[in-house]
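The primary structure of each chain is shown beneath.
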Amino acid sequence: VLTNEEFMSGVTNVMNFFKIRGSWGQNGNCNIGNFKYSSTVAFDAKGQYSFNNDKDSATQGGYANVMPNKDITWETSEQLDLGIDARFLDSRLSVAFDYYIKTTKDLLIEAPILDIYGTGAPTVNGGDIENKGIELGLGWNETRGEFTYGLNVNLATNKNEVVKINNDEGYILGAENVLSQGTRPCYRMQEGHAIGYFWGYKTEGVMQNQADVQAYLDKNCNGLAGNSAQGAGIQPGDLKFVDVNGDGKITEDDKTEIGNPHPKTTLGVSANVAWKGIDL
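Computed from a predicted structure; not experimentally measured.

Novice: So what's going on with the nonpolar core? Residues and values would help.
Specialist: Counting 8 residues, the largest nonpolar core consists of Met-207, Val-213, Tyr-216, Leu-217, Cys-221, Ile-234, Phe-241 and Ile-250. The element that contributes the greatest number of residues to this core is helix H1 (residues 210-220), accounting for 3 residues. Apart from the residues within four sequence positions on either side, Val-213 is in contact with Met-207, Ile-234, Gln-235 and Pro-236. One finds Leu-107, Ile-109, Val-162 and Met-189 within the second-largest nonpolar core, a separate group that totals 7 residues.

Novice: Outline the packing of aromatic side chains, supporting the account with residue identities and numerical values.
Specialist: Any pair of aromatic rings gets described here by the distance separating the centres and the angle formed by the planes. Throughout the structure, instances matching the rule amount to 3 aromatic pairs. Across the ring face of Tyr-171, the terminal group of Arg-188 is positioned such that the distance to the ring centre comes to 4.2 Å. Sitting over the ring of Trp-199, Lys-255 keeps its end group 4.9 Å from the ring centre.

Novice: Before we move on, could you go through a nonpolar patch on the surface and cite the residues and values that matter?
Specialist: Judged by side-chain polarity, Leu-138, Leu-151, Val-153, Leu-155, Leu-267 and Val-269 come together as a nonpolar surface patch covering roughly 520 Å² of accessible area. Among the secondary structure elements, those contributing two or more residues to the nonpolar patch are strand S11 (147-157) and strand S19 (265-275). Of the residues forming the nonpolar patch, the biggest block, 3 residues, is contributed by S11. Within the secondary structure, Leu-151 sits in strand S11. Assessed through its relative accessible area of 47%, Leu-151 is described here as partly exposed.

Novice: So what's going on with the side chain of Ser-77? Which residues, and what values?
Specialist: For Ser-77, the position within the fold is in strand S6 (residues 75-88). Exposure remark for Ser-77: the relative accessible area of 19% places this residue in the buried category. If we ignore the near neighbours within four places in the chain, the residues touching Ser-77 are Gly-25, Gln-26, Asn-27, Lys-102, Thr-103 and Thr-104.

Novice: Now, about unusual backbone geometry: what can you tell me, with residues and values included?
Specialist: At Ser-91, a residue that is not glycine, the phi angle is positive and equals roughly 65°. For Ser-91, the position within the fold is in the loop between S6 and strand S7 (93-105). At Asp-106, a position not held by glycine, the phi torsion is positive, near 55°. As for its position among the elements, Asp-106 is in the loop between S7 and strand S8 (108-110). Asp-106 gets classed as partly exposed once you look at its relative accessible area, which sits at 31%.

Cut-offs used in this document
Residues numbered from 1 in each chain as written. Predicted model: local features only at pLDDT ≥ 70, side-chain atom pairs only at ≥ 80, totals over all residues. Heavy atoms only, no water. Core = buried A, V, L, I, M, F, W, Y, C linked by side-chain atoms within 4.5 Å. Buried < 20%, exposed > 50% of the residue type's maximum accessible area, 1.4 Å probe, protein only. Helix = DSSP H or I, 4+ residues; strand = E, 2+ residues; numbered from the N terminus. Contact = heavy atoms within 4.5 Å. Phe/Tyr/Trp six-rings, centres within 6.5 Å; stacked < 30°, edge-to-face > 60°. Lys NZ or Arg CZ within 6 Å of the ring centre and 35° of its normal. Patch = residues over 30% accessible without salt bridge, like charges linked within 9 Å, V, L, I, M, F, W, Y side chains within 5 Å. Areas by Shrake-Rupley, 256 points an atom, 1.4 Å probe, with all protein chains shown as cover. Salt bridge = Lys/Arg side-chain N within 4 Å of Asp/Glu carboxyl O.

Here it is, written out as structure tokens:
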């Protein structure tokens, strides 16, 4: 608390309080199911079997319900925070400022696998995630006789980025069947991007008439309706999907980042007044 030091005595009539803060620490996270390192056997409805063509009764059996991961470890959250707290003008004006970096190492996630494996997906240490930004709080609170009032503003920024993926592809797909049954993943985790960013087809408007349809096909699909996402049924009213990789057809290879689920900035404002026991 610098304002407690003698060399700051000349400014305490304006700066009533000034404190510098700093912290660093690590927390472990093992918040996943038990025995993820081992191949476990389940006895539930999925393991019921019929014999002798008797479909009306079932015999309870067991089955391997998860793919093991003998190398799994705890997830670690490491955070650095630097900040100040200050009050000015008889403590009517208050300021709080923080700069932080939070790195999540060995992130615990369920890795997607193909159904052909015939068992549940393993939990793995998928990679490292970094969050960093600032938080700022400003407040003005004053009392005049029996009347008090205050105005407070807070602002925060955050940048989320995947800095490491523990596989050769550099990304991990999200779940299928999210938008509706039978749909492919619409989000994923990829190095250099925000975690869970929206992954899909970029669009450039809606086709207005048949001439517009043909102009779209000439630009993105080598003039062929069969190369479009809609196929031979393409018509006015359909979306114009962008051929991102320039191969003259719309395929899953054209999917790209189309949105970030994390707000860059958040802002909050509050006000209060009080007089003779009545407050708002």
